[in-house]
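Reading the structure
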Amino acid sequence: MSRVCSVNPTTLPSRTDDVDAIVTAWHRERPDLDLAPLHVLSRVTRLARRLDQARREAFAGLGLEIWEFDVLSALRRTGAPYRLSPGQLLDATLVTSGTMTNRVDRLSERGLVRRLPSPRDRRGVLVELTPAGAQCVDGALAALLEQERAILAVLSPHDQEQLADALRTLHTALG
């Protein structure tokens, strides 16, 4: 039987959201289940969707897609000379090799990255951030941080730190 999630409409917190309504409906239909995970993970899922939208908005003025930012920022974070192998980019962005090839092709066409021969392996390549790519990703990061600060403004610095710690614990547990 549900402990944390024995949601009774008369005991809902003073501020409710759509997840509270979903959990209440599930509790009505399936009172035999412990619905506690829905309180956290449904909110995380819904927040992720809203955060993706906020990222799209932050990048729209720069003509940048989220996936483009992911690749460019992976390169930018490496430090000069801003180069990674395709395999390292796969690890940094969690996509398949076919997807990465397509992404590098598209970013190369836009002049944001270039392919260079690997000095260690004649068959290998490195992907390098161009100066235009660095300028683009730096502007995108500034726009993203402005957007994310506005989103987090409803939480105190202490609450932000606690949330970051809790999410870090969950994230590391999932690998």
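Reading the values: the criteria
- Residues numbered from 1 in each chain as written.
- Predicted model: local features only at pLDDT ≥ 70, side-chain atom pairs only at ≥ 80, totals over all residues.
- Heavy atoms only, no water.
- pLDDT = per-residue confidence, 0-100.
- Contact = heavy atoms within 4.5 Å.
- Axes fitted to C-alpha atoms, helices over the stretch in contact; angles between N-to-C directions.
- Helix = DSSP H or I, 4+ residues; strand = E, 2+ residues; numbered from the N terminus.
- Parallel < 35°, antiparallel > 145°, perpendicular 65-115°, else oblique.
- Left-handed = near helix turned anticlockwise from the far one by under 90°.
- Nonpolar A, V, L, I, M, F, W, Y, C, P; charged D, E, K, R; others polar.
- Core = buried A, V, L, I, M, F, W, Y, C linked by side-chain atoms within 4.5 Å.
- Buried < 20%, exposed > 50% of the residue type's maximum accessible area, 1.4 Å probe, protein only.
- Salt bridge = Lys/Arg side-chain N within 4 Å of Asp/Glu carboxyl O.

What to know about the confidence of the model for the protein chain
In the predicted model, the protein chain carries a mean pLDDT of 90, and 92% of its residues have values of at least 70. Across residues 1-10 the pLDDT falls below 50, and counting only partners more than four positions away or on other chains, this stretch makes 19 contacts in the model.

As for the packing of helix 2 (residues 36-60) against helix 6 (residues 131-152)
One can describe the packing of helix 2 onto helix 6 by two numbers: an axis separation of 9 Å at closest approach and a directional angle of 135°. One element, helix 2, and the other, helix 6, form an angle in the oblique class. Seen from above, helix 2 lies across helix 6 with right-handed handedness. Together, Leu51, Ala54, Arg55, Glu57, Ala58 and Phe59 of helix 2 and Ala140, Ala143, Leu144, Gln147, Glu148 and Ile151 of helix 6 make up the contact between the two elements. For the contact of helix 2 with helix 6, the class distribution of residues is 8 nonpolar, 1 polar and 3 charged.

Some words on the nonpolar core
Of all hydrophobic cores here, the largest spans 25 residues; its most connected members are Phe59, Leu72, Leu75 and Leu89. Elements represented by at least two residues in this core include exactly helix 2, helix 3 (66-77), helix 4 (86-93), helix 5 (97-109), strand 3 (125-129) and helix 6. If you tally residues by element for this core, the top one is helix 3, at 7 residues. Apart from residues lying up to four places away in sequence, Leu72 is in contact with Leu64, Leu107, Leu112, Val113, Leu129, Gly133, Cys136 and Val137.

Observations regarding the packing of helix 3 against helix 6
Interhelical geometry of helix 3 versus helix 6 gives an angle of 110° and a closest axis separation of 9 Å. With respect to each other, helix 3 and helix 6 are oriented roughly perpendicular. In contact with Phe69, Leu72, Ser73 and Arg76 of helix 3, helix 6 contributes Gly133, Ala134, Cys136, Val137, Asp138, Ala140, Leu141 and Leu144. Per-class residue counts for the contact of helix 3 with helix 6 are 8 nonpolar, 2 polar and 2 charged.

Some remarks on the pattern of salt bridges
Under the criterion given, the structure shown has 13 salt bridges. For Arg55, the salt bridge goes to Asp70, with nearest N and O atoms at 4.0 Å. Of this pair, Arg55 sits in helix 2 while Asp70 is found in helix 3, placing the two residues 15 residues apart along the sequence. A single salt-bridge network, built from bridges that share partners, covers Asp17, Asp20 and Arg43.

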